[in-house]
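Close look at the chain arrangement
Each chain, written out:
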Amino acid sequence: MPDQSRRNPQVHQAVLDATWELLVTGGWAAVSVDAIAAKAGVGKRTIYRWWPGKNAVALEAFLARARSTPPPGSPAGLAETLRAHARHFVDLYVGTRLGALLCELLGAAQSDPDLAASLREHWFLPRREPLRALITTGDPDLVLDLVFAPLHYRLLTGHAEVDHAFADKVVTAALLAHPAG
């Protein structure tokens, strides 16, 4: 992410708010640097000075909104912690604009390696790391993939419901398949 020390905080926030509003009202197709600049009341040069393009602005707008609902702490025990995080996933993404935007960002990341790297660095890895530390045996990344991949898959495809009951089943199945301490 670009250096924010030279940004005017009010203009920076106006750009993020404009991007979010465009995403909410018109979806991914409504977002362009021209549209963001017009809605925020800034020049395109301001946006390009701070971000490489619409994908980076959309990611930052997503991160700002999603971080306002931090993941749960660590209840007693690994299973309970994984269950709490899986349920948090359901609450944060299913049927919400954040969920739709996450799907759109993941889609855009398939053809934008910089966006893919930023998603990993600024969203996925920071959310996985505290959970990895709780897994004391086996392969922590495999356990986390077994829990979160089915949730993401159902969110992306919409082929079946994603709810707390499904999240609980996924955690149970993942820990049965790969006991993790």
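Here the structure is shown first, and the text comes after it.
Throughout this description, residue numbers start from 1 for each chain and increase along the sequence as written. Under the rules for a predicted model, residues below a pLDDT of 70 receive no local features and side-chain atom pairs below 80 are neither given nor counted, while totals for whole chains, interfaces and linings still include all residues. Side-chain descriptors were evaluated using all non-hydrogen atoms of the structure, hydrogens and water having been removed beforehand.

**Section: the overall build of the protein chain**
Regarding its fold elements, the protein chain presents nine helices and zero strands. Counting helices and strands in the order they occur from the N terminus, the protein chain gives α-α-α-α-α-α-α-α-α. Projected onto its principal axes, the C-alpha positions of the protein chain cover 55 × 35 × 30 Å. The cut-offs for exposure are 20% and 50% of the maximum accessible area for each residue type, with area from a 1.4 Å probe on protein chains only; residues under the lower value are buried, those over the upper are exposed, and the others partly exposed. Per-residue burial over the protein chain gives 43% buried out of 181 residues. Contact between two residues is taken to exist if any of their heavy atoms lie within 4.5 Å; hydrogens are not considered. Nonlocal contacts in the protein chain, meaning residues at least 24 apart in sequence, comprise 65% of its contacts between residues at least 6 apart. Reported accessibility uses the Shrake-Rupley method at a 1.4 Å probe radius. Residues are deemed covered only where the shown protein chains occlude them. With the model as given, the accessible surface of the protein chain reaches about 9100 Å², and the carbon-plus-sulfur share is 55%. Runs of H or I in DSSP of at least four residues are treated as helices and runs of E of at least two as strands, each being numbered from the N terminus.

**Remarks on the pattern of salt bridges**
Any two side chains of opposite charge can pair if their charged atoms end up close together. Only one rule defines a salt bridge in this text: a Lys or Arg side-chain nitrogen within 4 Å of an Asp or Glu carboxyl oxygen. One pass over the structure, following the stated rule, counts ten salt bridges. Between R87 and D168 there is a salt bridge; the shortest N-O distance is 2.6 Å. Here the residue R87 occupies a position in helix α5 (residues 78-93), and D168 occupies one in helix α9 (residues 164-177), the gap between them amounting to 81 residues. Taking the relative accessible area as the measure of exposure, R87 reaches 30% and is therefore partly exposed. For D168, a relative accessible area of 18% translates into the label buried. Among the salt bridges present, the one from D145 reaches R128, with a minimum N-O distance of 3.0 Å. Separated by 17 residues along the polypeptide, D145 in helix α8 (residues 140-157) and R128 in helix α7 (residues 113-132) bring together distant segments of the chain.

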